[in-house]
Amino acid sequence: MIRDFDGDTTTPRRRAKELCYEMLAAFSQEWYECIDEETNAPLCEGNTEREKNEISSQLSRIAEQFRKYHKI
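Every value quoted in this text rests on a predicted model; they were computed, and no experiment measured them.

Draft legend 1. Looking closely at the confidence of the model for the protein chain. Here the protein chain averages 92 in pLDDT, and 100% of its residues register 70 or above. Averaged over each element, pLDDT in the protein chain is lowest for strand β1 (residues 2-3) (82) and highest for helix α2 (residues 49-69) (95).

Laid out in structure tokens, this is it:
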């Protein structure tokens, strides 16, 4: 038996979708703190503040579209 965030029972597929959404949402908020494992530099290195905001906005939009599409 698998539990969702509310403690209700759910299917493995549904739970996987919920976890994917949570990862997308978290990444959209914290992506600028991530380090590129090949260059060891911040992912946002070389981007202006405006570009960072645009990227964050697009990542949030993608997470929201994922949530709506999968009815999470």
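Draft legend 2. Spatial organisation of unusual backbone geometry. Phi is positive for asparagine 40, close to 60°, though the residue is something other than glycine. Mapped onto the fold, asparagine 40 is located in the loop between α1 (12-30) and α2. In the Ramachandran plot, lysine 71 falls in the positive-phi region, its phi being about 55° despite a non-glycine side chain. You can see lysine 71 is positioned in the segment after α2. For lysine 71, a relative accessible area of 66% translates into the label exposed.

Draft legend 3. Just the side chain of glutamate 18, in detail. By secondary structure assignment, the location of glutamate 18 is in helix α1. Glutamate 18 sits in the buried class, given a relative accessible area of 8%. Ignoring sequence-local partners within four residues, the contact set of glutamate 18 consists of Asp4, Phe5 and Ile72.

Draft legend 4. Layout of the packing of aromatic side chains. For the structure shown, the criterion picks out 1 aromatic pair. When the centroid spacing of 6.2 Å and the interplanar angle of 80° are considered together, the rings of tryptophan 31 and tyrosine 32 count as edge-to-face. Here tyrosine 32 falls in the partly exposed class, since its relative accessible area comes to 36%.

Rules used throughout
- Residues numbered from 1 in each chain as written.
- Predicted model: local features only at pLDDT ≥ 70, side-chain atom pairs only at ≥ 80, totals over all residues.
- Heavy atoms only, no water.
- pLDDT = per-residue confidence, 0-100.
- Helix = DSSP H or I, 4+ residues; strand = E, 2+ residues; numbered from the N terminus.
- Buried < 20%, exposed > 50% of the residue type's maximum accessible area, 1.4 Å probe, protein only.
- Contact = heavy atoms within 4.5 Å.
- Phe/Tyr/Trp six-rings, centres within 6.5 Å; stacked < 30°, edge-to-face > 60°.

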